[in-house]
Amino acid sequence: MIKLIATDLDGTLLNEKKQLTKNNLQALHYAHEKGIKIVVCTGRPYLATHFLIDEIGLKSEEDYLIVFNGAQVRRSIDGRIVVENSLTHADMLIWYQETARLDLPINVIDSEWVYEPLSYPEGYESFYASKLTAAPSTVKDYASFSEEHQFLKFVITVDEEHLANQIPKMNPELKSRYSISRSHPFQLEIMKKSVDKGRALKQLGDHLGIRMEEMMTIGDQMNDESMIKMAGTGVAMGNAVPAIKEMAQFVTKSHIEDGVAHAIYHYIK
């Protein structure tokens with residue numbers, strides 16, 4: 001029996017215009033009325049998901065959001081942090097040096113800001129802050145962060161071909177010390193080791209008394225891999241990358257065809 005539905009946002013619950021459609025919203029309300037928990041599980045920061053709280057109706061003290069790809073679990077009604085897995089100032093310096101070596105742009109992100117460096121590698125500027133996130137951004141000299149500063153993730157967003165060429169050149173020992181996922185073909189996200197959506201759902205499930213076998217998860221990209229694998233019912237969007245479709249129990253319609261609603265009615269009705 002499904003007791004919790006966890007859904008990704010971009011490319012999953014939201015359409016190509018980054019909007020929550022009427023059909024998807026009705027399906028979420030239908031599941032909620034059946035007593036099923038709805039959990040938004042996204043790489044976005046909390047501030048970029050807040051618009052969904054009223055729309056979906058995540059207003060009780062037992063409603064939660066998983067943000068930063070699992071680095072934070074927050075109570076939706078007031079933003080209270082339930083789980084947090086931070087990166088350190090030392091982590092930031094390590095990755096700033098590594099990405100500079102590879103001509104890759106890096107944005108470092110905490111609970112409040114997306115930070116852009118004073119300059120990006122020539123010819124390889126990031127478009128994360130300008131095109132992909134609703135979170136506020138600011139330019140900062142990365143050398144000026146205090147040693148106590150904590151971050152939730154680092155993001156590399158650049159031309160898909162350049163990123164694909166540079167990933168194999170990354171220091172393998174360094175890659176093994178962090179949780180790294182490809183959230184888009186043009187984007188790499190770096191979190192603390194063992195941080196991902198699946199583990200965050202497991203922690204939330206322990207808090208709520210819901211087992212992974214009682215969860216349905218819906219996603220489209222490789223940063224959804226852990227939650228698709230770990231859930232009792234893993235659903236891939238019709239627009240999902242092939243690897244996600246292969247590991248899912250069910251492939252629904254695409255995000256422009258209300259695929260989340262289709263999956264909910266397939267399993268709940």
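- Looking up the chain in an unreviewed UniProt entry gives the name HAD family phosphatase, with the organism given as Facklamia lactis.

Here we look at the sheet that holds strand β3 (residues 64-67)
Line of reasoning, step 1. Strand order in the open sheet formed by eight strands is β5-β4-β3-β2-β1-β12-β13-β14, with mixed pairing between adjacent strands. At either end of the open sheet lies a strand with only one pairing partner, and these are β5 (81-84) and β14 (250-251).
Line of reasoning, step 2. Here strand β13 (residues 233-236) runs beside β14; their pairing, made up of two bridges, is parallel. The partner of A236 across the bridge, within β14, is V251.
Line of reasoning, step 3. Lying on the sheet, helix α10 (residues 259-268) is in contact with β1 (4-7), β12 (215-219), β13 and β14; it crosses β12 at an angle near 155 degrees.

A few points about the pairing of strand β11 (residues 187-192)
Line of reasoning, step 1. Where burial is concerned, most of β11 is hidden: five out of the six residues are buried.
Line of reasoning, step 2. As paired elements, strand β9 (residues 153-157) and β11 share four bridges and run antiparallel to each other. In the strand pairing of β11, V155 is matched with E189.
Line of reasoning, step 3. Examined bridge by bridge, strand β10 (residues 178-184) and β11 share six bridges and lie antiparallel to one another. Within the sheet, the bridge partner assigned to S181 lies in β11 and is E189.

Some points on helix α3 (residues 89-101)
Line of reasoning, step 1. In this model, α3 (13 residues) spans 19 Å end to end at C-alpha, consistent with the 18 Å of a helix rising 1.5 Å per residue.
Line of reasoning, step 2. Residues H89, D91, M92, W95, E98 and T99 constitute the buried set of α3.
Line of reasoning, step 3. Elements in contact with the buried residues of α3: β6 (107-109), β9, α6 (172-175), β10 and β11.
Line of reasoning, step 4. The opening residue of α3 is T88, an N-cap whose side-chain oxygen sits 3.3 Å from the backbone nitrogen of A90.
Line of reasoning, step 5. Following α3 by one or two positions, D103 adopts a phi angle in the positive range, close to 55 degrees.

Topic: the pattern of salt bridges
Line of reasoning, step 1. Applying the stated rule across the entire model yields 16 salt bridges.
Line of reasoning, step 2. Measuring nitrogen to oxygen at the nearest pair gives 3.7 Å for the salt bridge that ties D54 to K59.
Line of reasoning, step 3. Exposure remark for D54: the relative accessible area of 57% places this residue in the exposed category.
Line of reasoning, step 4. Each of K3, R211, E213 and E214 takes part in salt bridges that share partners, so that together they form one network.

Re the environment of H162
Line of reasoning, step 1. Mapping H162 onto the fold places it in helix α5 (residues 160-166).
Line of reasoning, step 2. Residues H162 and F186, 24 residues apart in the sequence, show an inter-C-alpha distance of 8.6 Å.
Line of reasoning, step 3. Discounting chain neighbours no more than four positions away, the residues touching H162 are L102, D103, L104 and Y124.

Concerning the nonpolar core
Line of reasoning, step 1. In this structure, I5, I56, I218 and I264 are the most contacted members of the largest nonpolar core, which totals 48 residues.
Line of reasoning, step 2. If sequence neighbours within four positions are ignored, I264 has contacts with I5, A27, L28, A31, M216 and K269.
Line of reasoning, step 3. If you look at the next biggest cluster of nonpolar residues, it comprises 21 residues, including F151, I156, L163 and Y178.

Calculation notes
- Residues numbered from 1 in each chain as written.
- Predicted model: local features only at pLDDT ≥ 70, side-chain atom pairs only at ≥ 80, totals over all residues.
- Heavy atoms only, no water.
- Pairing = 2+ DSSP bridges.
- Helix = DSSP H or I, 4+ residues; strand = E, 2+ residues; numbered from the N terminus.
- Contact = heavy atoms within 4.5 Å.
- Axes fitted to C-alpha atoms, helices over the stretch in contact; angles between N-to-C directions.
- Buried < 20%, exposed > 50% of the residue type's maximum accessible area, 1.4 Å probe, protein only.
- Expected span 1.5 Å × (residues − 1).
- Polar contact = N/O pair within 3.5 Å; in protein donor to acceptor, adjacent residues only side chain to side chain.
- Salt bridge = Lys/Arg side-chain N within 4 Å of Asp/Glu carboxyl O.
- Core = buried A, V, L, I, M, F, W, Y, C linked by side-chain atoms within 4.5 Å.

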